[in-house]
Amino acid sequence: MQSVNLDKEGKNESKSGVLLLDANLQDIARIDRFLEQTTFNDHALVFQEGFTLGQSRTYDILDGSPPLQTKRWQQDWPIDARDRKFGERGLAYMVCQQELRPNEYVSTGVVYAGAKQRCKMMAEGEDRASWEVSLKDGETAVIVGLLADGSVVGQISGTEKGDNAGRLVIWKKDKTTELLPWIPRNNCGSVQSATTDMSRYAVFATCDDRSDSGRWIVFDRRV
């Protein structure tokens, strides 16, 4: 649970902390740092060290009860890095070049509306060895999370007219990309909950991503 501290007048001091509770809702620990994200498998806590606008950043990963630091990760992000996700033993992110002039694709930290894109998923293991998967021209993706074997779950945005759902996939190092069962193409939605091996996952599917009306769909790949 993440909280925000307020001053005596009730104003935000731009300071935050993470309060961890056990199954009986008893306090385990309070960490006065801003939570970057949690990992997909064990829900370990990822904190960025300090604040920087540069591409070189340091992250601490805490796990266990009470939480202890299990890893410190120094990362030099590319200028066009997007949607960064950490796993227990690696990380993954998207990079996208944009066509700012005809047939000339460049890497930039600014996303230009309407510009054609060439994206790829980049993954790094615990040994810092990297691998990548290129998307089709015009496709983009968000990273759902990293599995225990280092594979990466991603949701690719559809480029065809009327395809709001896109595709849910598992990218595997040196293996064919696995296509997962997913919502109808005219629906919008994203993974809301999943088991650690993606054998079972759920999504709130709606025909309008601005609407609260839709269907809660659970997929079970074992049946």
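Cut-offs applied
- Residues numbered from 1 in each chain as written.
- Predicted model: local features only at pLDDT ≥ 70, side-chain atom pairs only at ≥ 80, totals over all residues.
- Heavy atoms only, no water.
- Core = buried A, V, L, I, M, F, W, Y, C linked by side-chain atoms within 4.5 Å.
- Buried < 20%, exposed > 50% of the residue type's maximum accessible area, 1.4 Å probe, protein only.
- Helix = DSSP H or I, 4+ residues; strand = E, 2+ residues; numbered from the N terminus.
- Contact = heavy atoms within 4.5 Å.
- Disulfide = S-S within 2.5 Å.
- Phe/Tyr/Trp six-rings, centres within 6.5 Å; stacked < 30°, edge-to-face > 60°.
- Lys NZ or Arg CZ within 6 Å of the ring centre and 35° of its normal.

(A) Structural detail: the nonpolar core. Counting 17 residues, the largest nonpolar core has Val153, Leu168, Trp182, Ile183, Met198, Tyr201 and Phe219 as the members making the most contacts within it. Elements supplying a minimum of two residues to this core: strand E15 (167-171), strand E18 (200-205) and strand E19 (215-220). No other element matches E18, which puts three residues into this core. Setting aside residues no more than four positions away along its own chain, Ile183 makes contact with Ala165, Cys188, Gly189, Val203, Ala205, Ile217 and Phe219. In terms of nonpolar packing, the next biggest core, distinct from the first, is built from 16 residues, Met121, Leu135, Ala141 and Ile156 among them.

(B) Spatial organisation of the state of the cysteines. By the definition in use, this model includes one disulfide. Covalently, Cys96 is tied to Cys119 through a disulfide, its sulfur atoms 2.1 Å apart. On the sign convention where negative means left-handed, the S-S torsion of about 115 degrees between Cys96 and Cys119 marks this disulfide as right-handed. Pair noted here: Cys96 is in strand E9 (residues 90-101) and Cys119 is in strand E11 (residues 117-125), with a separation of 23 residues, a long-range link. An identical accessibility class is assigned to Cys96 and Cys119; each is buried. Among the cysteines around Cys188, which has no disulfide bond, Cys207 carries the closest sulfur, lying 7.8 Å off.

(C) View of the packing of aromatic side chains. According to the stated counting rule, one finds six aromatic pairs in the structure shown. With a centroid separation of 4.7 Å and an interplanar angle of 55 degrees, the aromatic rings of Tyr59 and Phe86 are classed as tilted. Pair noted here: Tyr59 is in strand E6 (residues 56-63) and Phe86 is in strand E8 (residues 81-86), with a separation of 27 residues, a long-range link. Judged by relative accessible area, which is 0%, Tyr59 ranks as buried. On the basis of relative accessible area, Phe86 is assigned to the buried category, the value being 3%. On the basis of an interplanar angle of 25 degrees and a centroid distance of 5.2 Å, the ring pair of Tyr201 and Phe219 is categorised as stacked. Highlighted residues: Tyr201 in strand E18 and Phe219 in strand E19, separated in sequence by 18 residues. Phe219 gets classed as buried once you look at its relative accessible area, which sits at 14%. If you follow Arg84 out to its NZ or CZ, it ends over the ring of Trp77, 4.7 Å from the centre.

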